[in-house]
Amino acid sequence: MSTTVTLANAVTLGQPSTDAAGVTWWHRSVTGWRDGVPMRTTFVDRPTAHGAYDGPAYAGKRVIVLNGSAKAPGHADRLRAMRALVGLGGDGSMLSLRIRDELGECEAMVRRSDKPTISMAGSAWLDYSLQFTAPEPRLLDVVTRTASTQMAQSGAGGVAWNGPAGGSGTRWNGPTGGSGLSWGAPVSTGVVRLDNTDGTAPADVIATITGPAQNPSISTGTSWITYNGVLSSTDVLVINTGSGAVQLNGVNRRSYLTRANWFQIPAGGSVDVRFTAEVQNAQASMTASWRVSYY
């Protein structure tokens, strides 16, 4: 299988690919996609010793350059194809850039960061070079994964103070056929496992909560995110653990958080996320969505 590049969900720079106008596109090369991103860091030389003082390091922006060729049915079609290329992201807007290869298809949101270089050859050929920059350096799998759960709810059970039938006394009434203390199984644990084991970068989680719920929370073993408010049965609360955005029915409600220990799914691992609230309600639910992420 060869590499296929798709821009703005509209132009496929294929291997080869022929569009509706009869122009056949050949993708030749791409840089900045598989070869990773630069790091941003500052080292301060030690004035009286070897080496330097270390500093924090962060992944930088991703610069991607696409090179290829195209053959049109005629010169006028070639000119129209050139206009289409020049117009991609010409207004400075963000574009979807997707690349598919033998391992699957990933996406980056990019902005054009240099003018296109296009040259004509023969009567119908053109060569192009396009440069884009992705402010977010991670590449995301195009498939969005989801996992859903009801709110965590305890089960029936407890202690029964019953004496033996036909007698007197006290015993701990447990499961049928035995004795002891039985608390019962929970109706719902409220836990979903989110998997990013194929990823090489942390993955963001988008939690969509539907009510009724009073002061709902999502948590891992070490992190909590708690919303201070009451959701009705028609309310939808969306929490993005990557961007920190919190929206209730599409309206910003970030200030309503009382706890905000943001978390992600670790690279090459998984995380269990639990959905709870102050008052248990079997109608409330949470759907977590995420995309496997790569550097």
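Note that the structure is predicted; figures quoted are calculated from it, not measured.

A. Region of the structure containing the sheet that holds strand β28 (residues 269-276). Read across the open sheet, the five strands follow the order β18-β28-β21-β22-β27; overall the sheet is antiparallel. With partners counted over all chains shown, the strands left at the sheet margins are β18 (191-196) and β27 (257-260), one partner each. Sheet twist, expressed as the average angle between the axes of neighbouring strands with direction ignored, equals 15 degrees. In the sheet, strand β21 (residues 217-219) pairs with strand β22 (residues 224-227) via three bridges, with the strands oriented antiparallel.

B. Quick peek at the pattern of salt bridges. In the structure shown here, the tally under the stated rule is nine salt bridges. R100 is the partner of E105 in a salt bridge, and the nearest nitrogen-oxygen pair spans 2.8 Å. With a relative accessible area of 35%, R100 lands in the partly exposed category. E107 is the partner of R291 in a salt bridge, and the nearest nitrogen-oxygen pair spans 2.7 Å. With a gap of 184 residues between them, R291 in the loop between β29 (285-290) and β30 (293-294) and E107 in strand β11 (residues 104-112) connect regions that are remote in the sequence. Accessibility expressed as a relative area gives 10% for E107, which makes it buried. Residues joined in a network through salt bridges with shared partners are R98, E107 and R291.

C. Spotlight on the environment of V205. Turning to its location among the elements, V205 is positioned in the loop between β18 and β19 (206-210). Here V205 falls in the buried class, since its relative accessible area comes to 1%. Sequence separation between V205 and S289 is 84 residues; the distance between their C-alpha atoms is 5.9 Å. With sequence-adjacent residues up to four places away left out, V205 is seen in contact with L194, I239, N240, T241, G242, F263, I265, A288 and S289.

D. Inspection of the pairing of β22 at higher detail. Between β21 and the antiparallel strand that follows it, β22, lie four residues. The sheet contact formed by β22 and β27 spans three bridges and is antiparallel. Across the sheet, residue I225 finds its bridge partner in β27, namely A260.

Cut-offs and rules
- Residues numbered from 1 in each chain as written.
- Predicted model: local features only at pLDDT ≥ 70, side-chain atom pairs only at ≥ 80, totals over all residues.
- Heavy atoms only, no water.
- Pairing = 2+ DSSP bridges.
- Helix = DSSP H or I, 4+ residues; strand = E, 2+ residues; numbered from the N terminus.
- Axes fitted to C-alpha atoms, helices over the stretch in contact; angles between N-to-C directions.
- Salt bridge = Lys/Arg side-chain N within 4 Å of Asp/Glu carboxyl O.
- Buried < 20%, exposed > 50% of the residue type's maximum accessible area, 1.4 Å probe, protein only.
- Contact = heavy atoms within 4.5 Å.

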